[in-house]
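Notes for the structure review
Spelled out from the first residue to the last, the chains are:
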Amino acid sequence: GVAPFRAMIKDLLEKRKADNQIHLFFGTRNAEDILYKDEFDQLAIKYPNFHFHPTLSRQTWQGLTGYVHEHYPKIFESKPPALIYLCGWTNMIKEARDILKLYGYSRNEIKVEFYD
């Protein structure tokens with residue numbers, strides 16, 4: 001899940017004072033399933049280099065809808081330097097990794113963890 005990313009992001013922003021752009025795409029079905037939403041929203045307000053992109057696949061709301069695959073290409077298709085961490089269902093991870101490879105990212109730039 002998102003808990004390891006939460007720890008990594010907080011470390012980068014609060015302890016290391018990282019100034020590189022950090023994007024967190026969080027896909028889930030419904031708004032009540034967005035873990036740490038208030039905390040991530042507050043981090044995005046406090047740190048202009050942190051961008052939180054919650055995406056709902058089964059509910060209409062004011063934010064992003066559909067699947068995250070529809071939204072992260074806007075960030076990565078121009079291949080900015082990045083280290084990308086993916087965690088989720090096997091099929092989603094494989095699809096994301098394939099898309100990111102098309103943009104020129106290597107296996108060394110894409111770290112994955114599967115859970116099914």
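It should be noted that the structure appears before, not after, this text.
Here's a quick rundown of the structure. (Residues numbered from 1 in each chain as written. Predicted model: local features only at pLDDT ≥ 70, side-chain atom pairs only at ≥ 80, totals over all residues. Heavy atoms only, no water.)

A word on the layout of surface pockets
So the rule is basically this: A pocket, in this scheme, is an open set of points on a 1 Å grid over the protein atoms alone with protein on both sides within 12 Å along at least 5 of 7 lines, while a cavity is a set where a 1.4 Å probe fits but cannot get out; residues line either one if an atom lies within 4 Å of a point. Grid points are joined across faces, edges and corners, and a volume is the space filled by probe spheres set on the points. In DSSP terms, a helix is any run of H or I states spanning at least four residues, a strand is any run of E spanning at least two, and both are numbered starting from the N terminus. Following the grouping adopted for this structure description, the nonpolar residues are Ala, Val, Leu, Ile, Met, Phe, Trp, Tyr, Cys and Pro, the charged ones are Asp, Glu, Lys and Arg, and the polar ones are all others, Gly among them.
In this structure, the largest pocket occupies an estimated 1,400 Å³ of space. Elements supplying a minimum of two residues to the lining of the largest pocket: α1 (3-15), β1 (22-28), α3 (73-76), β4 (84-88) and α4 (90-102). Per element, the largest residue contribution to the lining of the largest pocket is seven residues, and it comes from β1. Of the residues belonging to the lining of the largest pocket, the class tally is 29 nonpolar, eleven polar and four charged.

A closer look at the nonpolar core
Here is the rule: Note on terminology: a nonpolar core comprises buried Ala, Val, Leu, Ile, Met, Phe, Trp, Tyr and Cys residues joined through side-chain atoms within 4.5 Å. Exposure is judged per residue with a 1.4 Å probe applied to protein chains only, and the accessible area is read against the type maximum: over 50% gives exposed, under 20% gives buried, and values in between give partly exposed. For this analysis, residues touch if any pair of their heavy atoms sits within 4.5 Å.
Formed by 16 residues in total, the largest nonpolar core has its most connected members in Ile9, Leu13, Leu24, Phe40, Leu43, Phe50 and Phe52. For leucine 13, the contacting residues outside a window of four places in its chain are Ala18, Ile22, Leu43, Tyr47, Asn49 and Phe50. In terms of nonpolar packing, the next biggest core, distinct from the first, is built from twelve residues, Val68, Ile84, Ile99 and Ile110 among them.

Focus: the sheet that holds β1
Test applied: Strand pairing is defined by DSSP finding a minimum of two bridges between the two strands. Fitting a line to C-alpha atoms yields each axis, with helices limited to the stretch in contact; the angle taken between N-to-C directions then spans 0 to 180 degrees.
Strand order in the open sheet formed by three strands is β1-β2-β3, with parallel pairing between adjacent strands. Edge positions in the sheet fall to β1 and β3 (64-65), since each of these pairs with one other strand and no more. As paired strands, β1 and strand β2 (residues 50-56) are joined by seven bridges and run parallel to one another. Within β2, the residue paired with phenylalanine 25 across the bridge is histidine 53. Strands β1 and β2 of the sheet are contacted by α1, whose axis makes an angle of about 160° with β1. Here helix α2 (residues 37-46) sits on the sheet in contact with β1 and β2, set at roughly 145° to β2.

Remarks on a nonpolar patch on the surface
This is how the line gets drawn: Each patch is built from residues lacking any salt bridge and having more than 30% relative accessible area; the joining distance is 9 Å for like charges and 5 Å for nonpolar side chains (Val, Leu, Ile, Met, Phe, Trp, Tyr). Per-residue accessibility takes into account occlusion by the displayed protein chains alone, with areas from the Shrake-Rupley method and a 1.4 Å probe. Salt bridge criterion: a side-chain nitrogen from Lys or Arg within 4 Å of a carboxyl oxygen from Asp or Glu.
Residues Met8, Leu83 and Tyr85 make up a contiguous nonpolar surface patch of roughly 270 Å² in combined accessible area. On the accessibility criterion, methionine 8 (32% relative accessible area) is partly exposed.

What about unusual backbone geometry?
Positive phi is not limited to glycine here, since tyrosine 36 has a value of about 60°. If you trace the backbone, tyrosine 36 turns up in the loop between β1 and α2. The class of tyrosine 36 is partly exposed, set by a relative accessible area of 33%. Even without a glycine there, the phi angle at lysine 79 is positive, about 50°. Tracing the sequence through the fold places lysine 79 in the loop between α3 and β4. According to the relative accessible area criterion, lysine 79 is partly exposed, its value standing at 31%.

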